[in-house]
Each structure stands twice: as structure tokens, then as C-alpha cells.
Amino acid sequence: MDDVFKALADASRRSLLDRLHAKNGQTLNELCEGLAMTRQAVTKHLVILEEANLVTTYRHGREKLHYLNPVPIHQIGERWIKKFERGKLTALSELKRQLEKRDE
Amino acid sequence: MSKPDFVYVTYIETTPDELWQALTDGDFTERYWFDHRVASDWSVGSDYRFTLTGEKRLEGKVLISDPPRKLAYTWNGCTEEFRRERTSRVTFELEPRGNVVKLTLTHDNLDEAGVTHRGISEGWPMVLANLKSLLENGKTLGIPMPAPAVKETATA
């Protein structure tokens, strides 16, 4: 899970994920198009994204295609965000109870 | 084969046999696939279907059945909004890697602007995250079922 947070903590890598979200299954060349990053930098970022399992590669004929893999993000969302939400809900119901008590 | 529309990968701490069962057994799928039960004899050429509270939601034919390594089937949504969509295809590949199994799911031959395309891009990551959680921790994540694809507004 550390890998996922590290991979997401970089604007260039997030923009690569955005590009894959807009168009899935791109080659390295396609991903580099119109980017202000060197091909080398894109490759380096893709390795980090792959290690975090946020990008998965698929060999199609002679091409290596890159796909967005949001499965680990769902795992994080569930593990962390729901926990915080629960806390918030408990806090709200406690606040409501306190306020209602004051009204009495 | 045309290039897949989606490729999803998850690493699950389980055995290929158990994962195979989770993919093909209705009692299992009901627990992580938003209450959808699958049923088939899983021989090549056989029909399979997913039902939700007894109502058929998804159906198709088994294309590849090589337990516990590879499973592929055609995919047709049964409800009205999917009626005009072409038949797509789902392939699961299970590869043992030490004490985990790498599960690769590819979905291809989708209508790019169709409701299936939109629906599964939300659905598969949740189903797979749930499946991983069920096999590793014995419980699912409690994600609410996504709204029917037809009601979703297209996102830019």
C-alpha cells in the first residue's frame, strides 16, 4: 500500500494516470505525445506506477500497451476513507445528542 | 484478437484452486459480486448466467475453461439497457506467484460508447477489490452496488 501512496504523490504520475483514464491501452509513444516530459522520464514514472499495480501492461502483437488499473485505489478507499467517514458520523450523532440535550 | 478495452490485475493471497472456485461458484460470487450468483457446468460451449434475486442479469457462453489457470466467457447484459450492445468477452488468467496468485482480467470487444463499457469500468475494480478482500480476510468491503449504468451520466 506504501507503493500506491508513493506512486500517487507525484503530479507527473497522476497526469499519466489521467491520460490512461481518458484513453486506455496506450503504447509508450502514445503516452509521450504532447507531454513536456522526456521519454526517459515517462518510462521511469511508468515503472513506479507498474510496481504499485496502478498501471498494468499487456502485450498485444509487437506492442506493449499500458492500462489503468484502479483496483488498488478501491482498496485504499475502503480501508481508509470509510474508517474516517464512520468517525465523522459518530461525531455528528454525538453533537446532535449534545445539542438536543441542551434544548430540553 | 483486438486490443482489450480493459486489463485489470490484482494479487491475491490465496491458491489458484480457491480463486477458481471463487470465480465459478455462485455461493462465492454472491458474496463479493453485489449479490449476483453465477451458475454453469463450466464446460466449453456451455451457457452460464448471473442472477440477482433469481432474475437473470448477465449471460453468455464458456469459451475457455482450463481450471485453475484460464477462464473465458462471452458477456451479454440481459436487462433492457444492454439489448443493443454487442457481445463482449471476459478472460481471467490465474498465475501463482509464491504465496499469492496474480489475477489478470481482460475485457474486450466492447462498444466504446456503450453502457457496458461505462458500467464495467466502474464495476470490475470494485468486484476485484471485494474478491481480494473476501479471499484474504473472509469479508467483503461493503461497497454499495453501483447505480445501474443507464442512469449514470457520462463523465468527460
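Here the structure is shown first, and the text comes after it.
In this report, the structure presented in the accompanying data block is examined. Quantities reported herein were computed from a predicted structural model and do not represent experimental measurements.

### Focus: the pairing of strand β2 (residues 63-68) of chain A
Link 1 in the chain: With six bridges joining them, strand β1 (residues 55-60) of chain A and β2(A) adopt antiparallel strand pairing. Paired with A:R59 across the two strands is A:K64, which belongs to β2(A).

### A few points about the interface of chain A and chain B
Link 1 in the chain: Listed per partner, the contact involves 17 residues of chain A and 21 residues of chain B.
Link 2 in the chain: Approximately 1600 Å² of surface area, both sides summed, lies buried where chain A meets chain B, with 58% of it carried by carbon and sulfur atoms.
Link 3 in the chain: Linking chain A with chain B are zero salt bridges, by the criterion used here.
Link 4 in the chain: Put simply, the parts of the chain that give the side of chain A that touches chain B at least two residues each are β1, β2 and α5 (71-103) of chain A.
Link 5 in the chain: Sorting elements by how many residues they give to the side of chain A that touches chain B places α5(A) first, with five residues.
Link 6 in the chain: Split by residue class, the side of chain A that touches chain B holds six nonpolar, eight polar and three charged.

### Quick look at the sheet that holds strand β7 (residues 100-108) of chain B
All names here are of chain B.
Link 1 in the chain: With respect to topology, seven strands assemble into an open sheet ordered β1-β7-β6-β5-β4-β3-β2, the strand pairing being antiparallel. Bordering the open sheet on either side are β1 (6-12) and β2 (36-40), each of which pairs with just one other strand. Neighbour-to-neighbour, the strand axes of the sheet open up by a mean angle of 25°, direction not taken into account.
Link 2 in the chain: Summarising the sheet, strand β3 (residues 47-52) and strand β4 (residues 55-66) pair through six bridges and their orientation is antiparallel. Along β4, the bridge assignment pairs L52 with E55.
Link 3 in the chain: Contacts from helix α1 (residues 16-24) reach β1, β2, β4, β5 (70-77), β6 (88-97) and β7, with the element oriented near 160° to β6.
Link 4 in the chain: In the packing of helix α3 (residues 115-137) onto the sheet, contacts are made with β1, β5, β6 and β7, and the angle to β1 comes to roughly 10°.

### Some words on helix α2 (residues 11-22) of chain A
Residue and element names in this part refer to chain A.
Link 1 in the chain: Counted at 1.5 Å a residue, the expected span for α2 with its twelve residues is 16 Å, and the 16 Å between its end C-alpha atoms agrees.
Link 2 in the chain: Here α2 has its buried residues at R13, L16, L17 and L20. Within α2, the buried residues cover an arc of 100° as seen down the axis, which keeps them to one side. For α2, the exposed residues lying more than 90 degrees away from the buried face are A11, D18, H21 and A22.
Link 3 in the chain: Check the buried side of α2 and you find it contacts α1 (2-8), α3 (28-32), α4 (39-51), β1 and β2.

Conventions used here
Residues numbered from 1 in each chain as written. Chains lettered and ligands numbered in written order. Predicted model: local features only at pLDDT ≥ 70, side-chain atom pairs only at ≥ 80, totals over all residues. Heavy atoms only, no water. Pairing = 2+ DSSP bridges. Helix = DSSP H or I, 4+ residues; strand = E, 2+ residues; numbered from the N terminus. Contact = heavy atoms within 4.5 Å. Buried area = accessible area lost by both parts, 1.4 Å probe. Salt bridge = Lys/Arg side-chain N within 4 Å of Asp/Glu carboxyl O. Nonpolar A, V, L, I, M, F, W, Y, C, P; charged D, E, K, R; others polar. Axes fitted to C-alpha atoms, helices over the stretch in contact; angles between N-to-C directions. Expected span 1.5 Å × (residues − 1). Buried < 20%, exposed > 50% of the residue type's maximum accessible area, 1.4 Å probe, protein only. Arc of directions from axis to C-beta.

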